[in-house]
Amino acid sequence: MRLRGLSRLRKLWRRLRRSIVPQRGAIILCYHRIADLPQSPRRLWVSPQRFAEQLEVLTRNFVPLSLAELAERLQEGKVPDKAVVITFDDGYADNFWSALPLLERFGVPATVFVTTGLVGTEREFYWDELERLILGETVKGRNGETEKGRSGNLIGQELRLEIRGRVRQWKLTNDEERLKAYHEIHDLLTPLLPEQREAVLQQLRLWFGVSENGRPNYRLMTVEELVAISRDGLVDIGAHTVNHPDLTAIPPEQQRWEIETSKRQLEEWLGRPVRWFAYPYGSGNFVTRQLVKEAGFEVACSMSLGFVTNRSDPFWLPRIFVENWEGDELVRRLGQV
Ligand SMILES: [Zn+2]
């Protein structure tokens, strides 16, 4: 009796302590591309060399878990401290070319959240296409290379775009103006419906006189590559919508279509259930979370900063966005979260 009473007291103390002392919990890291892209303004890349460095320090300082293992521990109320989960958003082909061999070398599991709409096409994401059109030659110029090029020929002309019925203009005469235009147009495109976004991109392609075909190293994985990357179980696939919309900016029925269709397509391609979801831009509200739950996902990742603890909402798991940091810098930053 005494012993049982004591263990009950201990349990009570542990529960009390957990509610007073904030738990550190597990970390989910969010990567996008493993590639050398120093001119990319959205900083969505980590070079293969830095990624290897980061994996080396991560395996030394943390216990790597798969998202499936973390989901299980979360359900049991046993989320470990000092655990790390690697995730990639969007489904870029370099995840297969460059990330997979390094994940295999370090034995670190990962989950790739795939935007299904661009799989099997030569198109780029709109942020990459904007970069190619508006900044393409300019940023190279900054590194001391030629300033001439496709967009260089149009110096002096104003770029005019009709966005949701309103005509806007940008000067593209120097690096600064182009970067400003890039960011402004990007932010105008992000909340648009996919077809509205496409209408603006079409105007841009006409203005620059280029096709929608993108750069080969900016494409997403093909279906064959998705099958290959997840074949041996080290890498798992999750869904990330069809068109990468800001889900909070579109009506619930369209949100449902984006969420459910991406799951169904991936399941058809892979021949197995797709259990995880990541919100594009980490953007979701109560309705979005409900729709993700109803679609049959088990956990969903946001971009809110923090650790995963036993009290975390499985449909709003926090993540940490990783940049091209040195290994020690990554560990230092993780200590500051
Ligand atoms: Zn994304």
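Thresholds applied
Residues numbered from 1 in each chain as written. Predicted model: local features only at pLDDT ≥ 70, side-chain atom pairs only at ≥ 80, totals over all residues. Heavy atoms only, no water. Phe/Tyr/Trp six-rings, centres within 6.5 Å; stacked < 30°, edge-to-face > 60°. Helix = DSSP H or I, 4+ residues; strand = E, 2+ residues; numbered from the N terminus. Buried < 20%, exposed > 50% of the residue type's maximum accessible area, 1.4 Å probe, protein only. Contact = heavy atoms within 4.5 Å. Axes fitted to C-alpha atoms, helices over the stretch in contact; angles between N-to-C directions. Parallel < 35°, antiparallel > 145°, perpendicular 65-115°, else oblique. Left-handed = near helix turned anticlockwise from the far one by under 90°. Nonpolar A, V, L, I, M, F, W, Y, C, P; charged D, E, K, R; others polar. Polar contact = N/O pair within 3.5 Å; in protein donor to acceptor, adjacent residues only side chain to side chain. Disulfide = S-S within 2.5 Å. Salt bridge = Lys/Arg side-chain N within 4 Å of Asp/Glu carboxyl O. pLDDT = per-residue confidence, 0-100. Pairing = 2+ DSSP bridges. Right-handed = clockwise from strand over helix to strand, strands pointing away.

Undergrad: Talk me through the packing of aromatic side chains; I want residue IDs and the actual numbers.
TA: As enumerated under the stated definition, the model contains ten aromatic pairs in all. A centroid spacing of 5.0 Å and a plane angle of 50° characterise the contact between Tyr-279 and Trp-316, whose relative ring orientation is tilted. A residue pair is termed long-range when its members are at least 10 positions apart, and Tyr-279 in the loop between strand S10 (276-278) and helix H10 (286-294) and Trp-316 in the loop between strand S11 (299-301) and strand S12 (320-321) qualify at 37 residues. Trp-316 shares its class with Tyr-279; the two are buried.

Undergrad: Describe in detail the side chain of Thr-111, supporting the description with residues and values.
TA: Note that Thr-111 resides in strand S6 (residues 110-114). For Thr-111, the residues in contact, after removing those within four places along its chain, are Leu-67, Ile-86, Thr-87, Phe-88, Asp-236, Ile-237, Gly-238 and Trp-276.

Undergrad: Run through the packing of helix H9 (residues 252-270) against H10, naming residues and quoting values.
TA: Between two packed helices, the angle of one axis relative to the other and the distance separating the axes together describe the packing. Two elements in contact, H9 and H10, have axes whose closest approach is 10 Å; the angle formed by their N-to-C orientations is 40°. Comparing the axis directions of H9 and H10 gives the class oblique. Seen from above, H9 lies across H10 with right-handed handedness. Contacts between H9 and H10 pair Pro-252, Gln-255, Arg-256 and Ile-259 from the former with Val-287, Thr-288, Leu-291, Val-292 and Glu-294 from the latter. A per-class count over the contact of H9 with H10 returns five nonpolar, two polar and two charged.

Undergrad: How would you summarise the environment of Arg-42 if you had to cite specific residues and measurements?
TA: With respect to the helices and strands, Arg-42 occurs in the loop between strand S2 (33-34) and strand S3 (45-46). Ignoring anything within four residues of it in the chain, the contact list for Arg-42 reads Trp-127, Tyr-182, His-183, His-186 and Phe-321. A distance of 3.4 Å separates a polar atom in the side chain of Arg-42 from a polar atom in the side chain of His-186.

Undergrad: Give a detailed account of the state of the cysteines, specifying residues and quantitative values.
TA: Using the criterion set out here, one finds zero disulfides in the structure. Cys-30 takes part in no disulfide bond, and the closest cysteine sulfur, belonging to Cys-301, lies 8.3 Å away. Residue classification places Cys-301 among the buried positions, given a relative accessible area of 0%.

Undergrad: Any details on the pattern of salt bridges? Residues and values, ideally.
TA: Tallied over the full model, the rule gives 26 salt bridges. Note that Glu-131 and Arg-215 form a salt bridge whose closest N and O atoms lie 3.7 Å from each other. Of the two residues, Glu-131 is situated in helix H5 (residues 126-142) and Arg-215 in the loop between helix H7 (194-208) and helix H8 (223-229); the sequence distance between them amounts to 84 residues. Residue Glu-131 is classed as buried on the basis of its relative accessible area, which comes to 6%. Arg-215 gets classed as partly exposed once you look at its relative accessible area, which sits at 22%.

Undergrad: Explain the confidence of the model for the protein chain to me, and be specific about the residues and the numbers.
TA: Summary statistics for the protein chain give a mean pLDDT of 89 and a share of 89% for residues scoring 70 or more. Scored below 50 in pLDDT, residues 138-153 shows 24 contacts in the model against residues more than four places distant or in partner chains.

Undergrad: For the packing of helix H2 (residues 48-61) against helix H4 (residues 94-106), give the residues involved together with the corresponding values.
TA: Where H2 meets H4, the axes come as close as 10 Å, and the angle between the chain directions of the two elements is 25°. On the basis of their axis angle, the class for H2 and H4 is roughly parallel. Both H2 and H4 take part in a crossing whose hand is right-handed. Contact residues: Pro-48, Phe-51, Ala-52, Leu-55, Glu-56 and Thr-59 in H2; Ser-98, Ala-99, Leu-102, Leu-103 and Phe-106 in H4. Considered class by class, the residues forming the contact of H2 with H4 number eight nonpolar, two polar and one charged.

Undergrad: How would you explain the pairing of strand S5 (residues 83-90) if you had to name every residue and give the values?
TA: Within S5, eight of the eight residues are buried, leaving the element largely enclosed by the surrounding structure. Pairing geometry for strand S1 (residues 27-31) and S5, over five bridges, is parallel. Bridge pairing in S5 links Cys-30 to Thr-87. Both strand S4 (residues 63-65) and S5 contribute to a ladder of three bridges, which runs parallel. The partner of Leu-65 across the bridge, within S5, is Val-85. Assessed by its sense of winding, the connection that carries the chain from S4 through helix H3 (residues 67-76) to S5 is right-handed. Bridge count between S5 and S6: five bridges; the pairing is parallel. Across the sheet, residue Asp-89 finds its bridge partner in S6, namely Phe-113.

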